[in-house]
Amino acid sequence: MLNFFKKVAWFEGVSLLLLLFFAMPMKYWAGNEIYVKTIGMAHGVLFILYIVLAIVLKINQNWDLKKFLLICLASIIPFGTFYVEKKILA
């Protein structure tokens, strides 16, 4: 389960970066909203999966509240999930 969470964390991080640094500029500079819609939907699904898996792992792995909140907070910070994957879950 932890390995699956690490993979989801990686994909969630990539989707956030794509949304912020590719799709949003394409929307506002090029006037093309399709990237925000498609990447945004994928990111939304990955974000929900990330949080649900974090809750499940908190229960299964007996994470303390501080670790759990840090892992959840990392999902909304660019590059945060990569830090979690390498430093906290290593």
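Look up a bit, the structure's there.
Just so it is clear, the structure is predicted and the values come from calculations on it, not from any experiment.

(A) Summary view of the overall build of the chain. Scanning the chain from N- to C-terminus turns up four helices and zero strands. Sequence-ordered secondary structure for the chain, helices as α and strands as β, is α-α-α-α. If you line up the chain on its principal axes, its C-alpha atoms span 45 × 20 × 20 Å. In the chain, which comprises 90 residues, the share counted as buried stands at 34%. In the chain, the proportion of contacts linking residues at least 24 apart, taken out of those at least 6 apart, comes to 63%. Taken as two groups, the 9 positive and 4 negative side-chain charges of the chain have centres that lie 6 Å from each other.

(B) Structural context of the nonpolar core. Counting 15 residues, the largest nonpolar core has Phe5, Tyr50, Ala54, Trp63, Ile71, Val84 and Leu89 as the members making the most contacts within it. Elements that contribute at least two residues to this core include exactly α1 (2-29), α2 (34-61), α3 (65-74) and α4 (80-88). Not counting residues up to four positions away in its chain, the partners in contact with tyrosine 50 are Phe5, Val8, Ala9, Glu12, Ile71, Ala74, Ser75, Thr81 and Val84.

(C) Quick peek at α4. Taken together, the buried positions of α4 are occupied by Gly80, Thr81, Phe82, Val84, Glu85 and Ile88. Looking at the packing, one finds that the buried side of α4 touches α1, α2 and α3.

(D) Spatial organisation of unusual backbone geometry. Located in the positive-phi region is asparagine 62, a residue other than glycine, with phi close to 55°. Relative to the helices and strands, asparagine 62 is located in the loop between α2 and α3. The backbone of phenylalanine 79 sits at a positive phi, close to 70°, despite the residue not being glycine. Along the chain, the position of phenylalanine 79 falls in the loop between α3 and α4.

(E) Representation of the packing of aromatic side chains in the model. Applying the stated criterion to the full structure yields five aromatic pairs. Ring geometry for tryptophan 10 and phenylalanine 11: centres 5.0 Å apart, planes at 85°, overall edge-to-face. For tryptophan 10, a relative accessible area of 40% corresponds to the partly exposed category. On the basis of relative accessibility, which here comes to 46%, the residue phenylalanine 11 falls in the partly exposed class. Pairing phenylalanine 22 with tyrosine 35 gives two aromatic rings, centres 4.9 Å apart and planes at 70°, and the pair type is edge-to-face. Of the two residues, phenylalanine 22 is situated in helix α1 and tyrosine 35 in helix α2; the sequence distance between them amounts to 13 residues. Phenylalanine 22 sits in the partly exposed class, given a relative accessible area of 35%. Three or more aromatic residues joined by ring pairs form one cluster here, namely Phe5, Tyr50 and Trp63. Between lysine 58 and the ring centre of phenylalanine 68, over which it is positioned, the NZ or CZ distance is 5.9 Å.

Conventions and cut-offs
- Residues numbered from 1 in each chain as written.
- Predicted model: local features only at pLDDT ≥ 70, side-chain atom pairs only at ≥ 80, totals over all residues.
- Heavy atoms only, no water.
- Helix = DSSP H or I, 4+ residues; strand = E, 2+ residues; numbered from the N terminus.
- Buried < 20%, exposed > 50% of the residue type's maximum accessible area, 1.4 Å probe, protein only.
- Contact = heavy atoms within 4.5 Å.
- Lys, Arg positive; Asp, Glu negative; His and termini not counted.
- Charge placed at Lys NZ, Arg CZ, Asp CG, Glu CD.
- Core = buried A, V, L, I, M, F, W, Y, C linked by side-chain atoms within 4.5 Å.
- Phe/Tyr/Trp six-rings, centres within 6.5 Å; stacked < 30°, edge-to-face > 60°.
- Lys NZ or Arg CZ within 6 Å of the ring centre and 35° of its normal.

None of the figures reported here should be taken as evidence of function without further support.
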